[in-house]
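So you can see what is in the structure, the chains are spelled out below.
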Amino acid sequence: MTFPNEFIGYLIEYHGRRDYFECHELLEEYWKKEDPRNMKSHWVGFILIAVSAYHHRRGNFAGAEKTAQKALIIFETTSASTISSLGIDYEKLIQIIKKNIQLIHNKETYRSINLPIQNEDLRQACLAMCKQHNLEWCQEKAVISPDIIHRHLVRDRSEVIREREYQKKLRHARRK
């Protein structure tokens, strides 16, 4: 069984580095190539799980709950076989998301959660990559750098800004 490299990268960032912002970035690019504009895609569901964890860790309970709820809706309307084909235990994933929504709703402090990987080949591939990058797999009490916790504040947005300006010019040109 083979898995998309981007998904493996997502799992490494999620469980090894706990860099949820990078999870979002990795999988968003893949989603845009594989299932563009499908906001109900299971890829969007995984992106939203990472975004929820990012918000939760930063104390943004409203954002964390909203994104977790959206992820739950996506996964509940996705076939179990689709999620299982990615090496993830579908039933456990749904349980984890529901439990996490409750924790967030109760404004409980963020704790790392692990996605339920059921495929041993996938787990071994992730462990090997973590080892290669000197990351500890599924570390519960990892000390996370503020640069990772507040990643959206320190990232280079020059490309995004250039693209927005370009799109603005295109819209303006069309109006003439």
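Because the structure is predicted, anything quoted here is derived from the model rather than measured.

**Looking at the packing of helix H3 (residues 42–57) against helix H6 (residues 90–105)**
Viewed as axis vectors pointing N to C, H3 and H6 meet at an angle of 25°, and their least axial separation amounts to 12 Å. Relative to H6, the element H3 is oriented roughly parallel. For the element pair H3 and H6, the recorded crossing hand is left-handed. Between H3 and H6, the contacting residues are Phe46, Ile49, Ser52 and His56 on the first element and Leu93, Ile97, Asn100 and Ile104 on the second.

**Comments concerning the environment of Ser112**
Looking at the secondary structure, you find Ser112 in the loop between H6 and helix H7 (120–132). When the C-alpha atoms of Ser112 and Gln139 are compared, they prove to be 8.1 Å apart, with 27 residues separating the residues in sequence. Apart from the residues within four sequence positions on either side, Ser112 is in contact with Arg18, Tyr20, Gln139 and Glu140. A distance of 3.1 Å separates a polar atom in the side chain of Ser112 from a polar atom in the side chain of Tyr110.

**Observations concerning the pattern of salt bridges**
In total, this model carries four salt bridges according to the counting rule given. Lys33 is the partner of Glu6 in a salt bridge, and the nearest nitrogen-oxygen pair spans 3.4 Å. Remark: Lys33 occurs in helix H2 (residues 20–34) and Glu6 occurs in helix H1 (residues 5–17); sequence separation between them is 27 residues. For Glu6, a relative accessible area of 24% gives the class partly exposed. In this structure, Arg17 engages Glu13 in a salt bridge whose closest nitrogen and oxygen atoms are separated by 2.7 Å. Of the two residues, Arg17 and Glu13 are both situated in helix H1; the distance of four residues between them amounts to about one turn of the helix. On the basis of relative accessible area, Arg17 is assigned to the partly exposed category, the value being 29%. Given a relative accessible area of 9%, Glu13 falls into the buried group.

**Some thoughts on the packing of aromatic side chains**
Counted under the stated rule, the structure contains eleven aromatic pairs. In this structure, Arg57 is placed above the aromatic ring of Tyr110, and the distance from its NZ or CZ to the ring centre is 5.6 Å.

**Let's talk about the environment of Gln118**
Here Gln118 lies in the loop between H6 and H7. Here Gln118 is in contact with Ser84, Gly87, Ile88, Asp89 and Arg123, once residues within four sequence places are set aside.

**Section: the packing of H1 against H3**
In the contact formed by H1 and H3, the axes pass within 12 Å of each other and the chain directions differ by 15°. When the axes of H1 and H3 are compared, the pair comes out roughly parallel. Between H1 and H3 the crossing geometry is left-handed. Of the residues in H3, those touching H1 at Phe7, Tyr10 and Tyr14 are Trp43, Phe46, Ile47, Ile49 and Ala50. Its residues assigned to classes, the contact of H1 with H3 shows eight nonpolar, no polar and no charged.

**Thoughts on the state of the cysteines**
Taken as a whole, this structure holds zero disulfides when the rule is applied. For Cys126, which is in no disulfide, the shortest distance to another cysteine sulfur is to Cys130 and amounts to 6.8 Å. Its relative accessible area of 0% is what places Cys126 among the buried residues. Unpaired in terms of disulfides, Cys138 finds its nearest cysteine sulfur in Cys130, a separation of 7.9 Å.

The rules behind these values
Per chain, the residues get numbers from 1 upward, laid out in the order the sequence is written. Residue-level local features of this predicted model are given only where pLDDT is at least 70; pairs of side-chain atoms are given and counted only at 80 or more, and the full residue set underlies all totals for whole chains, interfaces and linings. Processing note: side-chain calculations cover all non-hydrogen atoms of the structure and skip hydrogens and water entirely. Only the contacting stretch of a helix is used when fitting its axis, a line to C-alpha atoms as for every element, and angles between N-to-C directions run 0 to 180 degrees. A run of H or I in DSSP becomes a helix once it reaches four residues, and a run of E becomes a strand once it reaches two; helices and strands are each numbered from the N terminus. Here the word oblique covers every angle except those under 35 degrees (roughly parallel), over 145 (roughly antiparallel) and from 65 to 115 (roughly perpendicular). Rotating anticlockwise by less than a right angle from the far helix to the near helix defines a left-handed crossing, while the corresponding clockwise rotation defines a right-handed one. In what follows, residue pairs with any heavy atoms lying within 4.5 Å of each other are defined as contacts. Polar contacts, as used here, are pairs of N or O atoms within 3.5 Å; protein pairs need one atom able to donate a hydrogen and one able to accept it. Residues neighboring in sequence count only if both atoms are side-chain atoms. For this analysis, a salt bridge means a side-chain nitrogen from Lys or Arg found within 4 Å of a carboxyl oxygen belonging to Asp or Glu. We call a residue buried when its accessible area falls under 20% of the maximum for its residue type, exposed when it is over 50%, and partly exposed in between, using a 1.4 Å probe and counting protein chains only. Here a Phe, Tyr or Trp ring, Trp counted by its six-membered ring, pairs with any other such ring whose centre lies within 6.5 Å, and the pair is stacked when the planes are under 30 degrees apart, edge-to-face when over 60, and tilted otherwise. Each ring is checked for a lysine NZ or an arginine CZ that lies within 6 Å of its centre and within 35 degrees of its normal; such an atom marks a charge sitting over the ring. Side-chain classes follow a simple rule in which Ala, Val, Leu, Ile, Met, Phe, Trp, Tyr, Cys and Pro form the nonpolar group, Asp, Glu, Lys and Arg form the charged group, and the remainder, Gly included, forms the polar group. Two cysteine sulfurs form a disulfide in these notes if their separation is within 2.5 Å.

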